[in-house]
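Analysis of the macromolecular model
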Amino acid sequence: GIVQTGIKSYEIPYSLIIVNPSSSITATNVQLSDDLLTTFPTAQSISISSPVTVSNCTGTTLNVASPAYNGTTQPQLLAGNQNLQPGEQCTVAFTAAVAFGINPLPSTIQYNSAIATTAETPGGKQIAVDLSDDGVVPDTDGNGNASDPGENDPTPVDFSSDSLSAVSGKIWLDSNCLLYTSDA
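Nothing here was measured: the structure is a model prediction, and the numbers come from that model.

Regarding its fold elements, the protein chain presents one helix and ten strands. If you list the helices and strands of the protein chain from N to C, you get β-β-β-α-β-β-β-β-β-β-β. Here the protein chain, with 184 residues, has 34% of them falling under the buried criterion. The contacts in the protein chain between residues at least 6 apart in sequence include a share of 69% that link residues at least 24 apart. Within the structure as shown, the protein chain displays about 10,400 Å² of accessible surface, and the carbon and sulfur contribution to it stands at 55%.

Here the focus is the packing of aromatic side chains. The tally for this structure, following the rule as stated, stands at two aromatic pairs. For the ring pair Tyr 14 and Phe 94, a centre distance of 5.0 Å and an interplane angle of 20 degrees mean the geometry is stacked. Remark: Phe 94 occurs in strand β5 (residues 89–99) and Tyr 14 occurs in strand β2 (residues 9–19); sequence separation between them is 80 residues. Across the pair, Phe 94 and Tyr 14 agree in class, each one buried.

Next up on the list: the pairing of β2. When strand β1 (residues 3–6) meets β2, the two strands line up antiparallel, connected through three bridges. Across the sheet, residue Val 3 finds its bridge partner in β2, namely Glu 11. Strand direction decides the pairing type here: β2 and β5, joined by eleven bridges, are antiparallel. Across the sheet, the residue bridging to Glu 11 is Ala 97, located in β5.

Relative to the helices and strands, Thr 95 is located in strand β5. Within polar-contact distance, the side chain of Thr 95 engages the side chain of Ser 50 at 2.9 Å. Residue contacts for Thr 95: discarding those within four places in its chain leaves Glu 11, Ile 12, Pro 13, Ser 47, Ile 48, Ser 49 and Ser 50.

A separate point is the layout of surface pockets. Of the pockets and cavities examined, the second largest pocket occupies roughly 200 Å³. Looking at the second largest pocket, it is lined by 13 residues, and the ones nearest its centre are Gln 31, Gln 76, Thr 117, Gly 123 and Gln 126. When residues of the lining of the second largest pocket are traced back to their parent elements, those giving at least two are β3 (31–33) and β7 (115–119). Considering every element that reaches the lining of the second largest pocket, the biggest residue donor is β7, with three residues. Residues that form the lining of the second largest pocket fall into these classes: four nonpolar, nine polar and no charged.

A few words now on the nonpolar core. Counting residues in hydrophobic clusters, the biggest one holds 28 residues, and the most contacted among them are Ile 12, Ile 18, Phe 40 and Phe 94. Those elements giving two or more residues to this core turn out to be β2, β4 (45–55) and β5. Not counting chain neighbours up to four residues away, the residues in contact with Phe 94 comprise Ile 12, Pro 13, Tyr 14, Leu 16, Asp 34, Leu 36, Ile 48, Ser 50, Pro 51, Val 52, Tyr 69 and Leu 77.

Attention now moves to the environment of Ile 46. Note that Ile 46 resides in strand β4. For Ile 46, a relative accessible area of 15% gives the class buried. Here the alpha-carbon distance between Ile 46 and Tyr 10, two residues 36 residues apart in the chain, equals 9.8 Å. Those residues in contact with Ile 46, other than ones at most four positions away along the chain, are Leu 36, Leu 37, Phe 40, Thr 72 and Ala 97.

Cut-off values and rules
Residues numbered from 1 in each chain as written. Predicted model: local features only at pLDDT ≥ 70, side-chain atom pairs only at ≥ 80, totals over all residues. Heavy atoms only, no water. Helix = DSSP H or I, 4+ residues; strand = E, 2+ residues; numbered from the N terminus. Buried < 20%, exposed > 50% of the residue type's maximum accessible area, 1.4 Å probe, protein only. Contact = heavy atoms within 4.5 Å. Areas by Shrake-Rupley, 256 points an atom, 1.4 Å probe, with all protein chains shown as cover. Phe/Tyr/Trp six-rings, centres within 6.5 Å; stacked < 30°, edge-to-face > 60°. Pairing = 2+ DSSP bridges. Polar contact = N/O pair within 3.5 Å; in protein donor to acceptor, adjacent residues only side chain to side chain. 1 Å grid on protein atoms, 1.4 Å probe; cavity = no way out; pocket = protein on both sides within 12 Å on 5 of 7 lines; lining within 4 Å. Points joined across faces, edges and corners; volume = space filled by probe spheres on them. Nonpolar A, V, L, I, M, F, W, Y, C, P; charged D, E, K, R; others polar. Core = buried A, V, L, I, M, F, W, Y, C linked by side-chain atoms within 4.5 Å.

Given below as structure tokens:
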């Protein structure tokens, strides 16, 4: 889950499953994009603290993008020049570091929506586009079309204290109510 690393600073792990739900059509020149500026418009800084990895592929192993994904000016996670055969899938993972600095922390849930596309040629005319779906099953009705109603729900990102998995930093109890000028 989300880990608070400082005042209004967080590390957010992402695990995206990209799948070709078709039983007969090859997804060509597969690309996965995730623009974190859209997800966190009030962030003062966004960086990738652990680089993109591709794992758990059931067939074709997709290559990561070059230049490397940075979540802002370079939103493509994959090379975009490989195909997924019917039923194949891979897991794409990375961790984003998001800091709000002097900007207020979002008081409402932020929504992340990665976009998977296929194209006629690498970077060329798109053949199909699909928004991400929160959860691990992108085609919940199993009909080979992951764009049906209810299958494009963005992933919620909540910075409320109840949703954080860890808080880093120093915490101490001064049971004598004495004032110390240093915690060393």
